Amino acid sequence: MFRKLAGFSIALVFALSVFAAWADERIVVSVPGPRNISYLPIDLIPKIGADRKAGASIELLHTGGGAVALNNLVTRNADFAVAGFPAVMSLRANGGDVVGVAAVDDAPLFVLMVRSGLKGQVKRIADLKGRVIGVNTSTKNSKTTSQQLAELLLKSDGVAPDTVRIVPAGQSWVEQSSLMITGAADAVMGDEPFATRLLADGKVFFLANLADPETVKGIAGTNFLHAALETRSDVLKDSPRKVGKMVAMLRETLQWMASHTPEEIVAKLGVTNPDERNSLLVSLKKYPHAFSKDGRFSTRQLKETELFFRTTSEGNARAQALRIESMIDDRWAGRAP
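Calculation criteria
Residues numbered from 1 in each chain as written. Predicted model: local features only at pLDDT ≥ 70, side-chain atom pairs only at ≥ 80, totals over all residues. Heavy atoms only, no water. Phe/Tyr/Trp six-rings, centres within 6.5 Å; stacked < 30°, edge-to-face > 60°. Helix = DSSP H or I, 4+ residues; strand = E, 2+ residues; numbered from the N terminus. Buried < 20%, exposed > 50% of the residue type's maximum accessible area, 1.4 Å probe, protein only. Pairing = 2+ DSSP bridges. Axes fitted to C-alpha atoms, helices over the stretch in contact; angles between N-to-C directions. Parallel < 35°, antiparallel > 145°, perpendicular 65-115°, else oblique. Left-handed = near helix turned anticlockwise from the far one by under 90°. Contact = heavy atoms within 4.5 Å. Nonpolar A, V, L, I, M, F, W, Y, C, P; charged D, E, K, R; others polar.

A. A look at the packing of aromatic side chains. Considering all chains together, one arrives at two aromatic pairs under this definition. Considering the side-chain rings of Phe110 and Phe224, the 6.5 Å spacing of their centres and the 45° angle between planes classify their relative orientation as tilted. One end of the pair, Phe110, is in the loop between strand 4 (99–103) and strand 5 (111–115); the other, Phe224, is in the loop between helix 9 (213–216) and strand 10 (227–231), and 114 residues separate them in sequence. Its relative accessible area of 0% is what places Phe224 among the buried residues. A centroid spacing of 4.4 Å and a plane angle of 35° characterise the contact between Phe224 and Phe308, whose relative ring orientation is tilted.

B. Local environment of the sheet that holds strand 3 (residues 80–84). Spatial strand order, 2-1-3-10-4: five strands in an open sheet with mixed pairing. Only two strands of the sheet have a single neighbouring strand rather than two, namely strand 2 (56–63) and strand 4. Strand-to-strand twist in this sheet, taken as the mean axis angle between neighbours without regard to direction, amounts to 30°. Of the strand pairs in this sheet, strand 4 and strand 10 are connected by four bridges, and their pairing is antiparallel.

C. Molecular detail of the environment of Lys285. Along the chain, Lys285 falls in helix 13 (residues 274–286). Considering only alpha carbons, one finds Lys285 and Ser172, 113 residues apart in sequence, at a separation of 20 Å.

D. Quick look at the packing of helix 5 (residues 85–93) against helix 14 (residues 299–311). Contact pair helix 5 / helix 14: the axes reach a minimum separation of 10 Å and the direction vectors enclose 60°. Our classification of the angle between helix 5 and helix 14 gives oblique. Of the two elements, helix 5 crosses helix 14, and the hand of that crossing is right-handed. Contacts from Phe85, Pro86, Met89, Ser90 and Ala93 in helix 5 reach Thr305, Glu306, Phe308 and Phe309 in helix 14. Taken together, the residues of the contact of helix 5 with helix 14 sort by class into six nonpolar, two polar and one charged.

Shown next as structure tokens:
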């Protein structure tokens, strides 16, 4: 009897240790930021305890751009990445192992901002010819969505991309504000809430806002899928439970955001700087439909994304041959029209 009890106890301890390890599964996510509005749902996951609820412990690796986040994914420094989907397609066209598993945003939020000292000289996009433009940091194998969009807007006003100088602007307040305040760049294809904060400080003026229908009128594919959750094929094959946990915590956070006010969201983030807190509030109120409600992929938006990518990849045969449906796995997030 004693041996049976001892054996049972050992088995129970082993089972409990396995369960504890499973419950505290570490998941590493590489994401631009911190506190870039397009990626706020990821920053909020640990703040609202969505990772613990899903049985995981999330570790965030903040980067200066979606392309860098994707590089962390393909080099196995992260289990997941969050990036603009046109940047994901750029990586895939260059042979990168990357698959989209959930949507984060419902609208791309980019602002082409110009430093205030140029207000009398830069009145339209064509006036940026010969100037320095900052974009989210790209890599050798993936051009960021920010750079693709900047080049598309330049072309739309007759400016060849090789007539401007592109510099990395990162994807955080420190990086983007530094370029504008020091004059190291003349313009930045920037992110919210940093653009709104710089505008309020009188450091920049807006030349084009992607959320403004007039800005994008007549430009193909501008309602593309921006921030999305991605992983690798080996994670999908070997760790489907981990993918399920990651999508579950993202969905939990998106649903939490949809049912809470901007004030509650900013409070949960624990923002103490009054200027940062105010710019986040203004941006969240300005863009009430910025985020996906449930992480589902929109078939309509995926088609728009493919159109945007093809338009910005003219002359690249591999990019033109890429089909977005070949790099989407919607088993966990689901699909919307």
